[in-house]
Amino acid sequence: MFPKLLSSQTIIYHLILFFSFSLSVNYFVDLEFVNYLSYVFFHLTLIYLVFYYFHFSLIFISFLYGVFFDIFLIDFISPHLISFLAFVFLFYYSKKYLLNFSSRTISYIIIGLTLLMFVSETLIANIFFNYPINYQNLSWLFFISLIVFFPSLFIFSKIDKL
């Protein structure tokens, strides 16, 4: 149980989560692309970590990151929190089915879930807090996700081989 939690791979993934979170919430006016890139990379890393290194501590970690994303980005608590926790619980209850898929299918599921998380976070913020939907930002997130997806999987596979 604990070797999976404290392996060198999971520590690297948690460092990636922390640094991409830090870059996501620090707004760089001149380098807005860095914010989008780190935000997308955070979501991809979280989903990948849950898929391949699931541990119950990820529920607590998802809770913390969800709360902090909500506080720093929109000043309300719930859109990221609900999305992250819903994803972790959805994975937990369906992991025996999801892990039977090929790695290629899981890759498509990861990118699909990433895009779905962006939409769900946006919709939750709009429905609960009347936070306006910014289609340009959502488009940028989708575009960057599609560009960053395969290089990030390459990086993750290199980390997994450590």
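Conventions we followed
- Residues numbered from 1 in each chain as written.
- Predicted model: local features only at pLDDT ≥ 70, side-chain atom pairs only at ≥ 80, totals over all residues.
- Heavy atoms only, no water.
- Helix = DSSP H or I, 4+ residues; strand = E, 2+ residues; numbered from the N terminus.
- Buried < 20%, exposed > 50% of the residue type's maximum accessible area, 1.4 Å probe, protein only.
- Contact = heavy atoms within 4.5 Å.
- Areas by Shrake-Rupley, 256 points an atom, 1.4 Å probe, with all protein chains shown as cover.
- Axes fitted to C-alpha atoms, helices over the stretch in contact; angles between N-to-C directions.
- Left-handed = near helix turned anticlockwise from the far one by under 90°.
- Nonpolar A, V, L, I, M, F, W, Y, C, P; charged D, E, K, R; others polar.
- Polar contact = N/O pair within 3.5 Å; in protein donor to acceptor, adjacent residues only side chain to side chain.
- Core = buried A, V, L, I, M, F, W, Y, C linked by side-chain atoms within 4.5 Å.
- Patch = residues over 30% accessible without salt bridge, like charges linked within 9 Å, V, L, I, M, F, W, Y side chains within 5 Å.
- Salt bridge = Lys/Arg side-chain N within 4 Å of Asp/Glu carboxyl O.

With that settled, the discussion passes to the overall build of the protein. Scanning the protein from N- to C-terminus turns up seven helices and zero strands. Taking the principal axes of the C-alpha coordinates as reference, the protein spans close to 40 × 30 × 25 Å. In the protein, which comprises 162 residues, the share counted as buried stands at 45%. Partitioning the intrachain contacts of the protein with sequence separation of at least 6 by distance along the chain shows that 74% fall at a separation of at least 24. Split by element, the accessible area of the protein, about 9000 Å² in all, is 73% carbon and sulfur.

As a further point, take the packing of helix α5 (residues 79–98) against helix α6 (residues 103–129). Closest axis-to-axis distance for the α5/α6 pair is 9 Å, and the angle between their directions is 145°. By crossing handedness, the relation of α5 to α6 is classed as right-handed. For the pair α5 and α6, the contacting residues are Pro 79, His 80, Ile 82, Ser 83, Phe 84, Phe 87 and Leu 98 in the first and Ile 106, Ile 109, Leu 113, Met 117, Ser 120, Glu 121, Ile 124, Ala 125, Phe 128 and Phe 129 in the second. Split into classes, the residues belonging to the contact of α5 with α6 amount to 13 nonpolar, three polar and one charged.

The next point concerns the environment of Ile 147. For Ile 147, the location among the structural elements is in helix α7 (residues 135–160). Owing to a relative accessible area of 48%, Ile 147 belongs among the partly exposed residues under this scheme. The spatial distance from the C-alpha of Ile 147 to the C-alpha of Leu 37 is 9.8 Å, given a sequence separation of 110 residues.

Let us now look at the environment of Ile 127. With respect to the secondary-structure elements, Ile 127 resides in helix α6. With a relative accessible area of 64%, Ile 127 lands in the exposed category. A C-alpha to C-alpha distance of 9.7 Å links Ile 127 and Pro 79, two positions 48 residues apart in sequence.

A few words now on the packing of helix α2 (residues 8–25) against α7. Contact geometry of α2 with α7 gives a least axis separation of 9 Å together with a crossing angle of 145°. In contact with Gln 9, Ile 12, Tyr 13 and Ile 16 of α2, α7 contributes Phe 156, Ile 159 and Asp 160. Partitioning the contact of α2 with α7 into residue classes produces five nonpolar, one polar and one charged.

Right, let's talk about the environment of Asn 134 for a bit. Its place among the elements puts Asn 134 in the loop between α6 and α7. At a separation of 3.2 Å, a polar atom in the side chain of Asn 134 contacts the main-chain amide nitrogen of Asn 137.

Core analysis: the biggest nonpolar cluster contains 43 residues, and Tyr 13, Phe 42, Val 50, Phe 51, Phe 87 and Ile 110 have the highest contact counts within it. Among the elements that line this core, the one with the most residues is helix α3 (residues 32–52), at twelve residues. Val 50 has contacts with Leu 58, Phe 87, Val 88 and Phe 91, leaving out every residue within four places of it along the chain.

The next subject is a nonpolar patch on the surface. Together, Phe 60, Phe 63, Leu 64, Phe 68, Ile 71, Phe 72, Leu 73 and Ile 77 line one region of the surface with nonpolar side chains, adding up to about 710 Å² of accessible area. One can find Leu 73 in helix α4 (residues 57–74).

So yeah, pure geometry; function would need other evidence.
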